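Next come the chains, spelled out residue by residue.
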Amino acid sequence: MRCFSKLIKQRSLYNLFLFLALFNIFFSTEISVAKTFSIKEIEISSPFDASFDKNKIINLGFVEAYEELILTIVQNKDQKKLQNTSTKEVKSLVETFSIIHESFIDEIYNLTLNVEFNKRSFFELLEKKNIFPSSIIKKDIMFFPIEVDEEKNEIFLFSESQIFKNWNFKKEKYHQLNYILPNEDINDYNLIKENISNLEDFDFREISKKYNFEDFIIMIVFKNNQEVRVLNQILFNNNLNLKNFKFKNINLENLGDLEKFIEKQKIVFEDYWKLKNIINTSIKLDLTISVDNSNIIKIDQFEETLSSIELINNFNIFKFDNKKNIYKIIFNGTRDQFLEVMKDYDYFFEIKNKIWVLE
């Protein structure tokens, strides 16, 4: 009788674990796999007349959201390859959308909507066109522009510089870099002025450290009557990169020329940042990971982490028992990259018989 009672308890316990595992599969993993790109507050306006069609307006919103997503995650050189995508194909990428505001004012219909694009479908579209997207990682970075008039041998810094005053005047939603301009500091001014003859070799780390920024962009603009020469020093993760440009027939005192100049330089910096965070979708590392399923909260946290990592193409539970969940994960990168990414979330693994066991 005692053995029978013990058997009943063991079965009940096993059934509980079975239920919890099934709960994870159907209510956790299924949601996690449906990863999306979220584009918010797309605004569309249209005359409210006899030809008005709300569905067409919403379709225009889809296209505008699609274009914003391209500008956010695709380098400038590849953006043209995606410009002729049909409305039908754009709609096929939409996972869901929501209208957050609509109004009729002076016979004009105004619509604001949020659009969610299916990541996997979007990546498949890019892969067909041999385009690698980048992760969306917003970053604050110190930006220090310096203008040098070579004819007069003068330096223009801070509010004396037209680039400094106008750099943050126009900000785009799709920009990933947020530029932090330095404060007007007389010591910095004197230091730079003293080194006017060797600015191209000057180490600006001494200045950037004052603002607690390890990463920075120093733009030195040399102007004369023939041309504008630009030297950009870009320091990300202790890796210094130099990007030089020359411009003919440009007048930075002219507001139109200045705006075009700033736009072109921001494209350079955005592309550099995207290249640093590129997702190589052609690499598909197949991983088998075992996770103890005794703690439902930790399981949920683990799956939420997997969902948030852009480099993870897909994951699912393909096997489970009363002790563990076995996950199959497709990762767009190398084994070392996966370990490094997961380390940032405090996840560590031990490899046993080709299965990665979460510690």
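If you're wondering where the values come from, they're calculated on a predicted model, not measured in any experiment.

Give me the lowdown on helix α7 (residues 186-194), citing residues and values where you can.
Among the residues of α7, D188, Y189 and I192 are the ones counted as buried. Within α7, the buried residues cover an arc of 100° as seen down the axis, which keeps them to one side. What points out from α7, more than 90 degrees from its buried face, is the exposed set I186, N187 and E194. Looking at the buried positions of α7, the neighbouring elements they touch are β4 (139-149), β5 (154-156) and α8 (205-208).

Break down unusual backbone geometry for me, with residues and values.
Its identity is not glycine, yet E41 carries a phi of approximately 55°, on the positive side. Position of E41 relative to the elements: it lies in strand β1 (residues 36-47). Even without being a glycine, D346 presents a positive backbone phi close to 65°. In this structure, D346 sits in the loop between α11 (335-344) and β13 (349-352).

Any details on a negative patch on the surface? Residues and values, ideally.
Side chains of E41, E43, E64 and E67 sit close together on the surface and give a patch of like negative charge. Residue assignment for the negative patch shows that the elements contributing at least two residues are β1 and α2 (54-73). In this structure, E64 sits in helix α2.

Outline the pairing of β4, listing residues and values.
The buried fraction of β4 is high, at 10 of 11 residues. Sheet analysis places β4 next to strand β7 (residues 216-223), joined by eight bridges and oriented parallel. Note on β7: the bridge partner recorded for F144 is I218. With three bridges connecting them, β4 and β5 associate as antiparallel partners. Residue pairing for β5: E147 is matched across the bridge by F156.

So, the side chain of H175: which residues are in play, and what are the values?
Residue placement: H175 occurs in the loop between α6 (162-166) and β6 (177-180). On the basis of relative accessibility, which here comes to 16%, the residue H175 falls in the buried class. Ignoring anything within four residues of it in the chain, the contact list for H175 reads K138, K266 and E270.

Criteria and thresholds
- Residues numbered from 1 in each chain as written.
- Predicted model: local features only at pLDDT ≥ 70, side-chain atom pairs only at ≥ 80, totals over all residues.
- Heavy atoms only, no water.
- Buried < 20%, exposed > 50% of the residue type's maximum accessible area, 1.4 Å probe, protein only.
- Helix = DSSP H or I, 4+ residues; strand = E, 2+ residues; numbered from the N terminus.
- Arc of directions from axis to C-beta.
- Contact = heavy atoms within 4.5 Å.
- Patch = residues over 30% accessible without salt bridge, like charges linked within 9 Å, V, L, I, M, F, W, Y side chains within 5 Å.
- Areas by Shrake-Rupley, 256 points an atom, 1.4 Å probe, with all protein chains shown as cover.
- Salt bridge = Lys/Arg side-chain N within 4 Å of Asp/Glu carboxyl O.
- Lys, Arg positive; Asp, Glu negative; His and termini not counted.
- Charge placed at Lys NZ, Arg CZ, Asp CG, Glu CD.
- Pairing = 2+ DSSP bridges.

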